[in-house]
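# Structural overview for review
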Amino acid sequence: MLVVKVGGAEGVDLGTVCADMAALAAEGQPWVLVHGGSHETNQVAEKLGHPPEFVTSVSGYTSRKTDRRTIEIFEMVYCGKRNKALVERLQALGVNAVGLSGLDGRLLEGPRKKALKVVHPETGKRLVLRDTYTGTVKKVNASLLRLLLDAGYWPVLTPPAISEEHEAINVDGDRAAARVAAALGAETLVILSDVPGVLRDFPREESLVERLPRHRIEEAQERWAQGRMRIKLLGAKEALEGGVARVILGDSRGESPVRAALSGKGTVIE
Amino acid sequence: MASANCPECEGDVALGDDAMQGEIVSCPDCGVELELVSTSPPKLEPAPEEEEDWGE
């Protein structure tokens, strides 16, 4: 079993990812594809007059400030445009893909965080932020995924997840993919984004860390990882702890991004 | 400068003139983290203990 996460940053080429996924499907490699949609969500939110806001946690993680209106826009893009674009492309390549969000069949479930501790961007003060719809995936409906896979369908998954109180919640896609990989007993999790992997000296791409033993993940988070890469490493750690043998943080920008990652291009964490 | 009582130890917690709703302060007497849930009148409650894991 292979789980691939493709991010939603600007410039991510879904065509090359789908071509690789279709080739893998034709070879009989079972997979689940998980995707993001952050850049497009920002654009749509702007157009709808509800521009995105980002908050930084006390420990330095940045994430989207998600009120109810934001989660609705998030659903329009992630579950709507983005998910269906991937399904359409895969169908055109002969893959019988089924697009589902974490809400459907409670595929991705976890607690909602009703209060978050954040740092005010101007004053640096620590604040409690309430009325947010964010959370973390703790449970995956693996039996639904197996049902689909066993029947010859190819799952294409997207946040949001569903909270224990049945609300849509914004969750990190990399960590959601890590949970999916662990729940399905995947051998490999590939996380693609618009950088080659972990960089020792961001943004110098020549400073790529090609191999990272799992016991050095935290060190890499502290010393090298910038921005969202810290969360990707957290996802990698969670996947490995959940029994996944190998996590590859790869580049989504090449000709054959999934194949390249599977051949060891990127940061391979074991 | 405004102040409010710590709900844990009744200690006096000084608040800056620019104190804002939701701000997290520490009680100087008992050290507990408090959330300023209202600015007028100033009122403190124990700050939520949340893990710091995040959405997209």
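Before going into details, it helps to say that this report is about the structure given with it. (Residues numbered from 1 in each chain as written. Chains lettered and ligands numbered in written order. Predicted model: local features only at pLDDT ≥ 70, side-chain atom pairs only at ≥ 80, totals over all residues. Heavy atoms only, no water.)

### What about the packing of aromatic side chains?
All names here are of chain A. If you walk through the whole model with that rule in mind, you get two aromatic pairs over all chains. Residues Phe 74 and Tyr 78 carry aromatic rings whose centres are separated by 3.9 Å and whose planes lie at 10° to one another, so their mutual orientation is stacked. Residue Phe 74 and its partner Tyr 78 are both found in helix α3 (residues 68-92); the two are separated by four residues, about one turn of the helix. For Tyr 78, a relative accessible area of 2% translates into the label buried. The ring of Tyr 133 carries Arg 112 above its face, with NZ or CZ at 4.0 Å from the centroid. It is Arg 200 that lies over the ring of Trp 224; its NZ or CZ is 5.1 Å from the centre. (Phe/Tyr/Trp six-rings, centres within 6.5 Å; stacked < 30°, edge-to-face > 60°. Helix = DSSP H or I, 4+ residues; strand = E, 2+ residues; numbered from the N terminus. Buried < 20%, exposed > 50% of the residue type's maximum accessible area, 1.4 Å probe, protein only. Lys NZ or Arg CZ within 6 Å of the ring centre and 35° of its normal.)

### Quick look at the sheet that holds strand β2 (residues 31-35) of chain A
Strands in a sheet are paired, the pairing made by backbone hydrogen bonds, and the direction either parallel or antiparallel. Residues and elements named next belong to chain A. Taken together, the eight strands give an open sheet; going across it, the order is β5-β10-β2-β1-β13-β15-β16-β14, and neighbouring strands pair in mixed fashion. The open sheet is flanked by β5 (97-101) and β14 (211-212), the only strands paired with a single partner. Along the sheet, helix α7 (residues 228-241) contacts β13 (188-193), β14, β15 (246-251) and β16 (267-269); its crossing angle with β15, the most-contacted strand, is approximately 155°. (Pairing = 2+ DSSP bridges. Contact = heavy atoms within 4.5 Å. Axes fitted to C-alpha atoms, helices over the stretch in contact; angles between N-to-C directions.)

### As for the side chain of A:His120
Secondary-structure assignment places A:His120 in the loop between β7 (112-119) and β8 (126-135). A:His120 gets classed as buried once you look at its relative accessible area, which sits at 17%. Of the polar contacts made by the side chain of A:His120, one reaches the backbone nitrogen of A:Glu122; its length is 3.1 Å. Dropping the residues within four chain positions of it, A:His120 is found in contact with A:Lys125, A:Leu127 and B:Met20. (Polar contact = N/O pair within 3.5 Å; in protein donor to acceptor, adjacent residues only side chain to side chain.)

### Observations regarding unusual backbone geometry
Residues A:Phe202 and A:Pro203 are joined by a peptide bond in cis, for which omega reads 5°. Along the chain, B:Ser40 connects to B:Pro41 via a cis peptide bond; the corresponding omega equals 0°. With respect to the secondary-structure elements, B:Pro41 resides in the loop between β4 (33-39) and β5 (42-46). The phi angle at A:Asp131 is positive, at roughly 60°, despite the residue not being glycine. Backbone geometry places A:His166, a non-glycine residue, at a positive phi of 70°. The residue A:His166 is located in the loop between β11 (161-163) and β12 (168-169) in this model. Given a relative accessible area of 56%, A:His166 falls into the exposed group.

Distances and angles like these do not, on their own, reveal function.
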